[in-house]
Each structure stands twice: as structure tokens, then as C-alpha cells.
Amino acid sequence: QVQLVESGGGSVQRGGSLMLSCAAAGRSIRSFTMGWFRQTPGKEREFIATIIYSGASYDYADSVKGRFIISRDNTKNTVYLQMNDLKPEDTAVYYCAARPPGYGLGYAQQYYDVWGQGTQVTVSS
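The shown structure was predicted, so the numbers you read here are calculated from the model rather than taken from an experiment. Throughout this description, residue numbers start from 1 for each chain and increase along the sequence as written. Note on the predicted model: pLDDT of at least 70 is required for a residue's local features to be given, and 80 or more for side-chain atom pairs to be given and counted; whole-chain, interface and lining totals, by contrast, use all residues. With hydrogens and water excluded, all non-hydrogen atoms of the structure serve as input to the side-chain values.

Engineer: Explain the packing of aromatic side chains residue by residue, including any values.
Structural biologist: Side-chain rings of Phe, Tyr and Trp, where Trp is taken by its six-membered ring, are said to pair if the distance between their centres is within 6.5 Å; with planes under 30 degrees apart they count as stacked, over 60 as edge-to-face, and otherwise as tilted. According to the stated counting rule, one finds six aromatic pairs in the structure shown. A ring pair is formed by tyrosine 58 and tyrosine 60, whose centres lie 6.0 Å apart and whose planes are at 65 degrees; its orientation type is edge-to-face. Exposure categories follow from relative accessible area, calculated using a 1.4 Å probe and restricted to protein chains: below 20% of the type maximum is buried, above 50% is exposed, and the middle band is partly exposed. Given a relative accessible area of 45%, tyrosine 58 falls into the partly exposed group. For tyrosine 60, a relative accessible area of 12% gives the class buried. Site record: aromatic cluster; members linked through ring pairs are Phe37, Phe47, Tyr107, Tyr112 and Trp115. Against the face of tryptophan 115 rests arginine 45, its NZ or CZ located 4.7 Å from the ring centre. The ring of tyrosine 111 has arginine 99 sitting right over it, with the charged end atom 4.5 Å from the ring centre. Counting as a charge over the ring demands two things of the Lys NZ or Arg CZ atom: a distance within 6 Å of the ring centre and an angle within 35 degrees of the ring normal.

Engineer: Explain the sheet that holds strand S3 (residues 18-25) to me, using residue names and the numbers behind them.
Structural biologist: Strands are treated as partners if at least two bridges between them are detected by DSSP. Each helix is a run of H or I in the DSSP string that is no shorter than four residues. Each strand is a run of E no shorter than two, and both are numbered from the N terminus. Read from one edge to the other, the open sheet built from four strands follows the order S1-S3-S8-S7, with strand pairing classed as antiparallel. Two strands in the sheet have a free side with no partner beyond their single neighbour: strand S1 (3-7) and strand S7 (68-73). Within the sheet, the average angular offset between the axes of one strand and its neighbour, ignoring direction, is 15 degrees. Note: S7 against strand S8 (residues 78-83), six bridges, orientation antiparallel. Every angle, taken between N-to-C directions, lies between 0 and 180 degrees, and every axis is a line fitted to C-alpha atoms, over only the stretch in contact when it is a helix.

Here it is in C-alpha cells:
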């Protein structure tokens with residue numbers, strides 16, 4: 001069973017950058033599609049980015065396209081989310097998730113069956 005642990009969250013000012021990491025334990029994630037989502041109180045979890053097992057294909061939500069970069073290092077069993085030009089509306093708890101092997105990019109949370117505990121990102125104006 002895969003366990004996911006996010007780190008790298010924190011507080012930044014508008015225009016700042018953060019890099020989130022999602023470290024996997026328990027088994028290799030090299031065959032998993034991975035995703036990043038975020039959630040604010042009272043709202044549903046929102047898709048942010050997804051990357052296939054090899055890293056060769058990825059996609060983003062329109063709200064973060066051009067500012068966020070998803071990547072992975074399968075040798076380190078870790079997925080990353082580089083967040084640049086952060087805005088107050090990016091404030092949320094960020095979660096990484098793993099999709100079962102054999103599937104492509106995943107845009108909805110129901111496609112993922114393993115989730116991390118989340119890391120808080122706060123962007124002040």
C-alpha cells in the first residue's frame with residue numbers, strides 16, 4: 001500500500017514561490033499517474049495538475065497553467081509541484097494523490113485512491 005506525505009507548504013506574499021513535495025512510501029510510484037489537488041473550506045477539492053507515470057505527459061487546470069509546474073523523480077519516489085507567481089486565491093490545503101497503475105492523466109478526484117494528508121499554502125496580498 002502506498003502512503004503519501006506532502007511537504008513544502010507555508011506562507012508567502014503575492015508573487016512568491018513555493019515548491020511542494022509528495023514523498024511516497026510503502027511501494028514504488030513509478031507506475032502510477034499522480035495528481036495535485038487543493039481545497040479551501042466549504043469548497044470541493046479542486047484539480048490542479050496531473051502527470052503520468054513516466055513524466056512524459058502532464059496537464060494543468062487553467063487557473064494555474066503557466067505558473068505551476070508538476071514533475072516527478074521516480075528514483076526518489078517523489079512528485080513535485082513548483083508554484084510560481086502565487087496569488088491570494090491560491091491559498092488552500094494542497095493534496096497529492098496516486099491513481100492506480102494502467103491509467104492516464106486524471107482530472108477528477110474520484111480517479112485517485114490514495115491521498116496524502118495535505119499541506120497548507122497561504123498567500124497574502
